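Structural description and commentary
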Amino acid sequence: MEESMETAIEEAKLSLQEGGIPIGSVLMCDGKIIGRGHNRRVQNGDPLAHAEIECIRNAGRIGSYSNTILFTTLMPCYLCSGAIVQFGIEKIVVGESRTFKGDLEFLKDHWVAVDDWDIDECIELMEEFIKKNPTLWNEDIGKL
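These numbers come from a predicted model, not from an experiment.

A separate point is the packing of aromatic side chains. One pass over the full model with this rule turns up three aromatic pairs. Their ring planes at 55° and their centres at 5.3 Å tell us that Tyr 65 and Phe 87 sit as a pair that is tilted. Residue Tyr 65 is located in the loop between α3 (51-59) and β3 (68-72), and its partner Phe 87 is located in the loop between α4 (78-86) and β4 (91-94); the two are separated by 22 residues in the primary sequence. We classify Tyr 65 as buried; its relative accessible area is 7%. Taking the relative accessible area as the measure of exposure, Phe 87 reaches 40% and is therefore partly exposed. Ring centres of Phe 71 and Trp 117 lie 6.1 Å apart, and the angle between their planes is 75°; on these two criteria the pair is classed as edge-to-face. Within this pair, whereas Phe 71 is found in strand β3, its partner Trp 117 is found in the loop between β5 (113-116) and α6 (120-132), the two being separated by 46 residues in sequence. Take Phe 71: its relative accessible area is 3%, and that puts it in the buried class. The exposure class of Trp 117 is partly exposed, given its relative accessible area of 29%.

On to the sheet that holds β3, then. Taken together, the five strands give an open sheet; going across it, the order is β2-β1-β3-β4-β5, and neighbouring strands pair in mixed fashion. Each of the sheet's edge strands pairs with one partner strand only, and the pair in question is β2 (32-38) and β5. The average undirected angle you get between the axes of adjacent strands in this sheet is 15°. Docked against the sheet, α3 engages β1 (24-29), β2 and β3, running at close to 135° with respect to β2.

Moving on: the environment of Ala 49. For Ala 49, the location among the structural elements is in the loop between α2 (41-44) and α3. Relative accessible area serves as the criterion here: at 0%, Ala 49 is assigned to the buried category. Placed 12 residues apart in sequence, Ala 49 and Gly 37 show a C-alpha to C-alpha distance of 9.4 Å. Once residues within four sequence positions are removed from consideration, Ala 49 is found in contact with His 38, Asn 39, Arg 40, Arg 41 and Glu 54.

Their axes nearest at 11 Å, the elements helix α1 (residues 3-17) and α6 cross at an angle of 15°. Classified by the interaxial angle, the pair formed by α1 and α6 is roughly parallel. α1 and α6 meet at a crossing whose hand is left-handed. Within the contact between the two elements, α1 uses Ile 9, Ala 12, Lys 13 and Leu 16 and α6 uses Glu 121, Cys 122, Leu 125 and Phe 129. Each residue belonging to the contact of α1 with α6 can be placed in one class, and the counts come to six nonpolar, no polar and two charged.

Evaluation of the coordinates by the stated rule reveals nine salt bridges. Here Arg 40 and Glu 18 are joined by a salt bridge, their closest N and O atoms 2.9 Å apart. You can see Arg 40 sitting in the loop between β2 and α2 and its partner Glu 18 sitting in the loop between α1 and β1, a full 22 residues away along the chain. For Glu 18, a relative accessible area of 36% corresponds to the partly exposed category. Ionic pairing is found between Glu 139 and Arg 41, a salt bridge with its closest N-O pair at 2.9 Å. One end of the pair, Glu 139, is in helix α7 (residues 134-140); the other, Arg 41, is in helix α2, with 98 residues separating them in the sequence. The class of Arg 41 is buried, set by a relative accessible area of 8%.

What counts and how
Residues numbered from 1 in each chain as written. Predicted model: local features only at pLDDT ≥ 70, side-chain atom pairs only at ≥ 80, totals over all residues. Heavy atoms only, no water. Phe/Tyr/Trp six-rings, centres within 6.5 Å; stacked < 30°, edge-to-face > 60°. Helix = DSSP H or I, 4+ residues; strand = E, 2+ residues; numbered from the N terminus. Buried < 20%, exposed > 50% of the residue type's maximum accessible area, 1.4 Å probe, protein only. Pairing = 2+ DSSP bridges. Axes fitted to C-alpha atoms, helices over the stretch in contact; angles between N-to-C directions. Contact = heavy atoms within 4.5 Å. Parallel < 35°, antiparallel > 145°, perpendicular 65-115°, else oblique. Left-handed = near helix turned anticlockwise from the far one by under 90°. Nonpolar A, V, L, I, M, F, W, Y, C, P; charged D, E, K, R; others polar. Salt bridge = Lys/Arg side-chain N within 4 Å of Asp/Glu carboxyl O.

See below:
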């Protein structure tokens, strides 16, 4: 597994250790990590603190994002897909989309290349979390 995805998984586990939702993300540019983040909705009491948003926020203003690749442990939701399109991130690598389908068609319709690696560790992390925390998960995806 590529180092970038391993780092995203570390971020997801960090969120879980903090009492949050185990989703992590890493932004790469020219082979270097320029941003990383994890879901901090619970920790910060912030409904917009999704992993991809936190990752982009932590990367800061870099001008053009067109030469970046976003690694994320879970298929992005509508909020995060919108940010990916808004900032012109042209490629994302997803750890899994079994537990949450996101909006793959929206991303593809906006010329974002999506590579779903279907990683067992990402799937197991989310399945276990969802089983133990269904209400919190449903809140996160807006299904309450």
